[in-house]
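Structural overview
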Amino acid sequence: MTATLSKVDRGREQASLPRPPRRYRMSNLDAKVSPYLFVAPFFVLFIAIGLFPLLYTAYVSLFDWEIGDDDPLFIGFENYSTLFQDDQFWNALFNTFSIFLLSSAPQIVVAIVIAALLNANLRARTGWRMGVLLPYVASLVALTIIFGNLFGPQYGLVNDVLGLIGISPIDWQASTFGSHVAIASMVNWRWTGYNALIILAAMQAIPKDVYEAALVDGASALRRFFSITLPLLKPTLIFVVVTSTIGGLQIFTEPKLFEPSGGSGGGAEHQYQTVVLYLYQSAFQGFDLGYASAIAWVLFMVVIAVAGLNFFLTRRAVK
Amino acid sequence: MRHRWISVLICAAVSAAATTACGTGGASQTADGKTELTIATFNEFGYEELFKEYEAAHPDVKITQRKTGQGQPHHQNLFTKLGAGSGLADIEGVEEGYLSQFMSKAGQFNDLKEIGPKVEDDRWLKWKTEAVTTKDGKVMGYGTDIGPLAMCYRKDLFEKAGLPSDPEGVKALFATWDSYFAAGDQFIAKAPGVAWFDSAAQVYNAMHNQLETGYYDKSDKLVVDTNAAIKANWTTVTAAVAKGQSARLGAFSNEWNTGFKLGKFATKTCPSWMLGVVESQAGPENKGLWAVTDAFPNGGGNWGGSYLTVPKQSKNAQKAAELAAWLTAPEQQVKAFKAKGTFPSQTKALDAPELLEQTNAYFGDVKAGALFATQAKKIKAAQYKGPADGQIQETVFSPALQSVEQGKNADEAWKTAVEGAQKAAK
């Protein structure tokens, strides 16, 4: 019966009718609610395993919370004030930045150069391109163990090679700078090719006619690279810099496995203990969850600050 | 449309049911009405055949083993689930290295004297039970195996350096720590390129565990800076390092393994289970070069070995304790020793013919079982371990000794160690 009503009539009719028909109500609800249901899995998962732990960590960081405590003691910001006076934390922060700089900076420069080379007309192009990705495919743990062996202080291959060219062996475990170089080399080995491919993809998206116009105007290859390629790579470079900042400041596996006896101290005198490694040590060796949570939050803030800073620097530098 | 809503509801209901089903893990009854007992172990306890035997004798019990490959993840899991308040097995294995941490949480485990069956008092070596007895006399675990210390040494290197090399002759060198380090001086003078021991921490920890009082006194007060014996040990070991007696190879590292292959050190503090490690690391090419003798400086010592414990979380604590008591009886531990070589902690098992006749081909057919049984009986008492004792040894003193081996000044490293211990004990 209602199906015969015209559009104009319907509104009037609805007022008098107590409820619209069931089928119509359901499909209306469907149209309104379904889209939210479809996107819900992401948000539900994000809230459960992203947002909730983040906020709960902030909550835990306000307590003197040892693992297994039945009623932890609320101590406000004391974990944070202890943390800022903790030499081991500042040392870990220094190590993290040092390893980050030694890895990310050369890595991005080299990645751009490799991308430019791969962008040239090469024989067996796909082969070369897949080749630079190989280190990324290899298992991180296997890679770290092999590098740990290469950088062995007494019987490592690197020291043997250095000996051949007359350089006295370096104790990669004892020296702060040496251990940072060793760890940064693992990071570089793994990530340079990956970043090169991302930059290569961006390079190929640059329209050919821009280069042709420059060529006609007599611009050299170097000039074309600096005046066309680099500026047009900007969005991709920002992405690469920000992701490697986030990854670099959270470095954990490499320094953890670099410790020969399997501890979490990052060297006998914490020569290469990073912030995340210190966090891990506090939480799962010291069982001090409150303190570890405070470290996690401070690191979170540092990552946001540095990623933001890098974002602005990259945007400004590459114009 | 309606169907969709119904299916959404069903999905939600099913997943809710599934999660609750997972959430009630550790249910104590199986479908056919048997009591299910879970037991969590790591490495090899050698219990697999024993479980079958026990199930045959107790038709109402079903045993489920949760086996972890390595000790570290097992204990991390143990302490995390202790914190979470659920998820532990009815019987949990605890290794000696984690004992201080475990004892500081003794309140969350059952007193086996109270809930367990009657067990003869002298079943275990005295020091083994002492170490899991709380100050008010509660027994928190049944001993399974131990790692009595002897001294391993390279016969060929001893001969080259002009030291006695037969098992009887070397005993004088290993009588006290003084004679041990004096022999080390003699050795390195005549064997250039080879060190006396593998790493400072390996020697220091054995010396430390022989002290009457360790890092803590019995009232749980940290005494690192006031216990003169600790400083004396530190001075002795770091002096030996300064003279070049240490190969500076951190235990269980890759370089340590290489050191075994290349024969870069002449002696090694050797708990019973270390013989297998030496064999696999030194490899067939060094067979017959390593020897072991039933002597250890200043008496004896122990490194390793485990206990079975029953957490309060267990819903079948009494039956779990019965099983644990049965497993740790001498007869069963001798079987476990035959299966996987875990060295028993039970006094009667130490006299069992199976154990006394066991030989080790890699170490020149030495009667290893009898040798380590002798060493086990030399241990006088268990040193009292305070709450952060394990952590102080692992993350403070061992790295500090390593830093001395890396060239740090011994006095500065001592200051770092004392401060580190105070921080860990906080």
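Residues numbered from 1 in each chain as written. Chains lettered and ligands numbered in written order. Predicted model: local features only at pLDDT ≥ 70, side-chain atom pairs only at ≥ 80, totals over all residues. Heavy atoms only, no water.

Digging into the pairing of strand β6 (residues 267-271) of chain B
All names here are of chain B. Of all five residues in β6, five are buried; the element is thus mostly enclosed. Covered by surrounding structure in β6 are T267, T269 and P271 together with K268 and C270, the residues of both alternating faces. As paired strands, strand β5 (residues 149-154) and β6 are joined by five bridges and run antiparallel to one another. Its bridge partner lying in β6, C152 is registered against K268. (Buried < 20%, exposed > 50% of the residue type's maximum accessible area, 1.4 Å probe, protein only. Helix = DSSP H or I, 4+ residues; strand = E, 2+ residues; numbered from the N terminus. Pairing = 2+ DSSP bridges.)

Notes on the sheet that holds β5 of chain B
All names here are of chain B. Pairing in this open sheet of three strands is antiparallel, and the strands run β6-β5-β7 from one edge to the other. Of all the strands in the sheet, just β6 and β7 (290-293) have a single pairing partner and so form its edges. Taking the axes of each pair of neighbouring strands and ignoring which way they run, one obtains an average angle of 30 degrees across the sheet. As paired strands, β5 and β7 are joined by four bridges and run antiparallel to one another. The residue bridging M151 from the neighbouring strand is T293, located in β7. Its contacts with the sheet place helix α12 (residues 274-282) against β5, β6 and β7, and it is angled at close to 135 degrees to β6. (Axes fitted to C-alpha atoms, helices over the stretch in contact; angles between N-to-C directions. Contact = heavy atoms within 4.5 Å.)

A look at the nonpolar core
Residues and elements named next belong to chain B. In terms of nonpolar packing, the biggest core is built from 53 residues, with F174, F187, W196, I392 and F397 touching the most fellow members. Of all the secondary structure elements, the ones that give two or more residues to this core are β5, α7 (155-160), α8 (177-190), α9 (200-209), α10 (228-242), α17 (389-405) and α18 (410-425). Each residue touching W196, except ones within four places of it in the same chain, is listed here: F158, L163, F174, Y180, A183, G184, F187, I188, Q245, F265, A266 and T267. Listed in part, the 33 residues of the second largest apolar core include L350, Y362, V366 and A376. (Core = buried A, V, L, I, M, F, W, Y, C linked by side-chain atoms within 4.5 Å.)

Thoughts on α8 of chain B
Residues and elements named next belong to chain B. Taking 1.5 Å of rise per residue, the 14 residues of α8 would be expected to cover 20 Å, and the 20 Å separating its terminal C-alpha atoms lies within 8% of that figure. Every buried residue belonging to α8 is among W177, Y180, F181, A183, G184, F187 and I188, and all of these are buried. On an axial view of α8, the arc spanned by its buried residues comes to 155 degrees, and they lie on one face. Counted as exposed and oriented over 90 degrees from the buried face of α8: D178, A189 and K190. Each element contacted by the buried residues of α8 is listed here: β5, α7, α9, α10 and β6. (Expected span 1.5 Å × (residues − 1). Arc of directions from axis to C-beta.)

Notes on the UniProt feature "domain: ABC transmembrane type-1" (unreviewed entry) in chain A
The positions UniProt marks with the feature "domain: ABC transmembrane type-1" (unreviewed entry) are residues 93-310 of chain A. End C-alpha to end C-alpha, residues 93-310 of chain A measures 17 Å, and it is 75% helix and 0% strand. (UniProt positions renumbered as here; feature names shortened; annotations may be inferred.)

Examining the interface of chain B and chain A
The interface of chain B with chain A comprises 33 residues on the first partner and 33 residues on the second. Interface area for chain B against chain A, summed over the two sides, is near 2,700 Å², with a carbon-plus-sulfur share of 51%. Across the contact surface, chain B and chain A share three salt bridges. Here D86 of chain A and K423 of chain B are joined by a salt bridge, their closest N and O atoms 3.7 Å apart. The residue makeup of the side of chain B that touches chain A, split by class, is nine nonpolar, 16 polar and eight charged. (Buried area = accessible area lost by both parts, 1.4 Å probe. Salt bridge = Lys/Arg side-chain N within 4 Å of Asp/Glu carboxyl O. Nonpolar A, V, L, I, M, F, W, Y, C, P; charged D, E, K, R; others polar.)

Re the state of the cysteines
All names here are of chain B. Enumeration over the complete set of coordinates arrives at one disulfide over all chains. Two residues share a disulfide in this structure: C152 and C270, whose sulfurs sit 2.0 Å from each other. Handedness here is read from the sign of the S-S torsion; for C152 and C270, about -100 degrees, the answer is left-handed. Residue C152 is found in strand β5, and its partner C270 is found in strand β6; the two are separated by 118 residues along the sequence. Here C152 and C270 have matching classes, each one buried. (Disulfide = S-S within 2.5 Å.)

Some points on the pairing of strand β2 (residues 61-68) of chain B
All names here are of chain B. Summarising the sheet, strand β1 (residues 35-42) and β2 pair through eight bridges and their orientation is parallel. Within β2, the residue paired with L37 across the bridge is I63. Handedness of the crossover is the feature at issue here: the chain leaves β1, passes through helix α2 (residues 48-57), returns alongside β2, and the resulting connection is right-handed. (Right-handed = clockwise from strand over helix to strand, strands pointing away.)

As for the UniProt feature "transmembrane region" (unreviewed entry) in chain A
With numbering aligned to this structure, UniProt lists the feature "transmembrane region" (unreviewed entry) at residues 33-56, 97-120, 132-152, 172-191, 232-252 and 289-313 of chain A. Between the C-alpha atoms that bound residues 97-120 of chain A there is a distance of 35 Å. The span itself is 96% helix and 0% strand.

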